[in-house]
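These are the residues of each chain, in order.
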Amino acid sequence: MSTTPAHLWWQTGVIYQIYPRSFQDSTGNGVGDLRGVIDKLDYLSETLGVDAIWLSPFYPSPMADFGYDVADYTDVHPLFGDLTVFDELVAQTHQRGLRVIIDLVPNHSSDQHPWFIESRSSRDNPRRDWYVWANPGSAGGPPNNWLSVFGGPAWEWDEATGQYYLHSFLKEQPDLNWRNPAVQAAMFDAVRFWLERGVDGFRIDVAHFIMKDPAMRDNPPNREHWRDLHKPLGDYDSQLHQYDKGHPDVHAVYRALRRLLDEHSADRPRVSIGEIHIFDWDVWATYYGAGLDELHMPFNFQLLGVPWAAPAIRQIVEAQEAALPPGAWPNYVLGNHDETRLATRLGPAGARLAAMLLLTLRGTPTLYYGDEIGMTEVPIPPERQQDPWGRRVPGLGRDGCRTPMQWDPGPQAGFSPPDTPALWLPLADDYRQVNVAHELQAPTSLLNLYRRLLAVRRATPALQWGRYRPVDDAPSDCYVYVREADGQRVLVALNLAAEERTVSLPGWGLGDVLLSTHLDRLGEADLSRLRLRPHEGICCLVIDDE
Ligand code: NOJ
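Residues numbered from 1 in each chain as written. Predicted model: local features only at pLDDT ≥ 70, side-chain atom pairs only at ≥ 80, totals over all residues. Heavy atoms only, no water.

Asks: Would you take a moment to explain the sheet that holds strand β12 (residues 467-470) for this structure?
Replies: Strands belonging to one sheet form pairs held by backbone hydrogen bonds; the direction of such a pair is parallel or antiparallel. The sheet built from six strands is open, its strands ordered β12-β13-β14-β19-β16-β17 with antiparallel pairing. Lying at the two open borders of the sheet, with one neighbouring strand each, are β12 and β17 (523-526). Pairwise comparison of adjacent strand axes, ignoring direction, gives a mean angle of 35° for this sheet. In terms of strand pairing, strand β14 (residues 488-495) meets strand β19 (residues 537-542) through five bridges, oriented antiparallel. Counted as the bridge partner of V492 is C539 from β19. Across the sheet, helix α9 (residues 310-323) lies against β12 and β13 (478-485), angled at about 140° from β12, the strand it touches most. Along the sheet face, helix α10 (residues 342-360) touches β13, β14, β16 (510-516) and β19 and points at about 155° away from the line of β14. (Pairing = 2+ DSSP bridges. Helix = DSSP H or I, 4+ residues; strand = E, 2+ residues; numbered from the N terminus. Axes fitted to C-alpha atoms, helices over the stretch in contact; angles between N-to-C directions. Contact = heavy atoms within 4.5 Å.)

Here it is, written out as structure tokens:
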């Protein structure tokens, strides 16, 4: 009798993030759209083999922050299509057995959202309290010292009504006041709207930001050199962000959201994944809820900034395992639309090992579009910069990881129709070699490695839900672990060194190599003396061991 526990689609599956502006342009305006995503669903489900897509925002928006400034939570920006195309996208995605996760942006709306237009129209407008308004501080000037993530103070003076409003990001992104129950009700109505249209889940933008200190105290200075594994954020790092986000009242909101999702999960489980940049594991883990009754998963971003060395990677994996509340499900992220491209961070050999790591660890992997072909960070000339963050704080721009998907070596890399006059961001110079069509033909390409990894993972229960067990007797620059389920045992051995290494596992017998990151090795291996070439990772079924 099988002891296999029931696992849900978002636990066994692999999520693929699509940045809609940059995936596929079906109209020839140089910007990707939802029809373009539909056109590429066969690539995602059959060629690549992922299980779910997460769409970054496609809502009506003035695009001050490329869609993370939402002007209508229940519609589609005409640039991307309309609700009919969205419905078709959901239907076609489901037909292929894939799931659809959409981005929910609850912390702030656009300053062009009718709610904010009303709110700022007068102090006694019924929607005034839907946003965070405050009088000047005692010495005049902003009410407190809070800073915007995107640089400068988090407060904008409104001359007409004589108060400041809070914006944790751009001034065009005013923070909603989640202490007002009407705000929660309105946002939950939007959630219901999309659930009823068939979406399978939500990625929740800066989920921890929505509740701030009700007394709005000043943040203390950050005097230490903060052991931050994440990218430095400029002046924003001069404070400890004790009061401007993450107030414990946030948990009641996510408990309520979870109830709403559960009410809509009779036909199939719906999922909530929080974008939560918290590097204290214990605080991070609270977002699962004490009774696993809040978010299904807070994103785990800690591999994004890890020094690429076996002990550091292992430390993160085991810290997450230790922090998880009983029964909670882990996850890993190696790239997204806010981060330097994986292949640029780690180089080509590192990117191959990272692919194996991400797809063999215990937990849900999230892939970022283009990482499967090794797209690199594209240098953007100043006159083509789009990202408001990069314009405000030089060096922090995110355009380089948002460039158009490279489909083929032809004009516009197959992203836009050939006669499209200009793309919203430039293509990478190397797109004639680094593209889907070319890599499909090249037997040992990165894309073929991802395809094999996804296929092996899908066919191997131990990799989908098996336990994780580290192997200690390995050279210090190798990371070696076992995944096991239902009597099936898979050894993963990653050699991070630029030289050959031998992993000696005394007493272990034969293994069957399922996959090498070099894609040139299969079949029997002697696990008592497992030789790994420079930068080679192997994934091996254990036939007999200790
Ligand atoms: C996090 C998103 O990932 C990022 O792209 C956006 O700029 C901010 N939140 C503000 O919404």
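Asks: Explain the nonpolar core here, please?
Replies: The tendency in soluble globular proteins is for nonpolar side chains to be buried as a group. Y16 and L44 are the most contacted members of the largest nonpolar core, which has 149 residues in total. Not counting residues within four places of it along the chain, the set of residues in contact with L44 comprises Y16, I18, F23, G49, V50, I53 and L98. (Core = buried A, V, L, I, M, F, W, Y, C linked by side-chain atoms within 4.5 Å. Buried < 20%, exposed > 50% of the residue type's maximum accessible area, 1.4 Å probe, protein only.)

Asks: So what exactly am I meant to see when it comes to the domain arrangement of the chain here?
Replies: Each assigned domain of the chain is listed here: domain 1 (9-106 + 181-453), domain 2 (114-166) and domain 3 (467-542). Here the C-alpha centre of domain 2 lies 29 Å away from the C-alpha centre of domain 1. Across the boundary between the two partners, domain 1 contributes 24 residues, which contact 16 residues of domain 2. Around 1700 Å² of area is buried between domain 1 and domain 2 when both sides are counted, 68% of it from carbon and sulfur atoms. (Domains from an automatic or database assignment. Buried area = accessible area lost by both parts, 1.4 Å probe.)

Asks: Explanation requested: the packing of aromatic side chains in the structure shown.
Replies: To describe a pair of aromatic rings, you give the distance between the ring centres and the angle between the ring planes. Evaluated as defined, the whole model comprises 32 aromatic pairs. On the basis of an interplanar angle of 85° and a centroid distance of 6.3 Å, the ring pair of F23 and Y369 is categorised as edge-to-face. With F23 in the loop between β1 (15-18) and α2 (34-39) and Y369 in the loop between β11 (364-368) and α11 (388-392), this pair connects stretches of sequence that are 346 residues apart. Taken together, the ring pairs connect F58, Y59, Y73, F86, W115, W130, F193 and W194 into an aromatic cluster. The ring of W130 carries R127 above its face, with NZ or CZ at 4.4 Å from the centroid. For R341, the ring lying beneath its charged end belongs to Y369, and the centroid distance is 4.7 Å. (Phe/Tyr/Trp six-rings, centres within 6.5 Å; stacked < 30°, edge-to-face > 60°. Lys NZ or Arg CZ within 6 Å of the ring centre and 35° of its normal.)

Asks: Before we go on, may I ask you to explain the pairing of β16 in this structure?
Replies: The two faces of the sheet receive side chains in turn, since in a regular strand these alternate between them. Most of β16 sits out of view: five of its seven residues are buried. The pairing of β16 with β17 spans four bridges and is antiparallel. Paired with V513 across the two strands is G523, which belongs to β17. Counted between consecutive antiparallel strands, the loop separating β16 from β17 contains six residues, among which L519 sits at a positive phi close to 55°. Alignment of β16 against β19, held across five bridges, turns out to be antiparallel. Bridge assignment links G511 to a residue of β19, and that residue is V542.

Asks: So what exactly am I meant to see when it comes to helix α7 (residues 250-263) here?
Replies: Each full turn of the α-helix corresponds to 3.6 residues, which orients residues three or four apart in the same direction. With 14 residues, α7 extends 20 Å between its outermost C-alpha atoms, agreeing within 8% with the 20 Å of an ideal straight helix rising 1.5 Å per residue. Where the residues of α7 are buried, they touch α6 (181-196), β7 (201-204) and β8 (271-274). (Expected span 1.5 Å × (residues − 1).)

Asks: Just checking my understanding: could you explain the pattern of salt bridges for this structure?
Replies: A pair can form between side chains of opposite charge whenever their charged atoms are brought close. In this structure the tally under the stated criterion is 36 salt bridges. In this structure, K212 and D175 form a salt bridge, with 2.7 Å as the shortest nitrogen-oxygen distance. Of this pair, K212 sits in the loop between β7 and α7 while D175 is found in the loop between β6 (163-166) and α6, placing the two residues 37 residues apart along the sequence. No difference in accessibility class separates K212 from D175, as the two residues are buried. The residue E321 makes a salt bridge to R362 at a minimum N-O spacing of 2.9 Å. Pair noted here: E321 is in helix α9 and R362 is in the loop between α10 and β11, with a separation of 41 residues, a long-range link. A residue is classified by how much of its surface remains accessible, and E321, at 23% relative accessible area, is partly exposed. A single salt-bridge network, built from bridges that share partners, covers D65, D338, D387, R398 and R402. (Salt bridge = Lys/Arg side-chain N within 4 Å of Asp/Glu carboxyl O.)

Asks: Is there a simple way to think about the side chain of Q320 in this case?
Replies: With respect to the secondary-structure elements, Q320 resides in helix α9. Taking relative accessible area as the criterion, Q320 reaches 0% and is therefore assigned buried. Aside from chain neighbours lying at most four places away, what touches Q320 is W281, W284, N300, P330, N331 and Y332.

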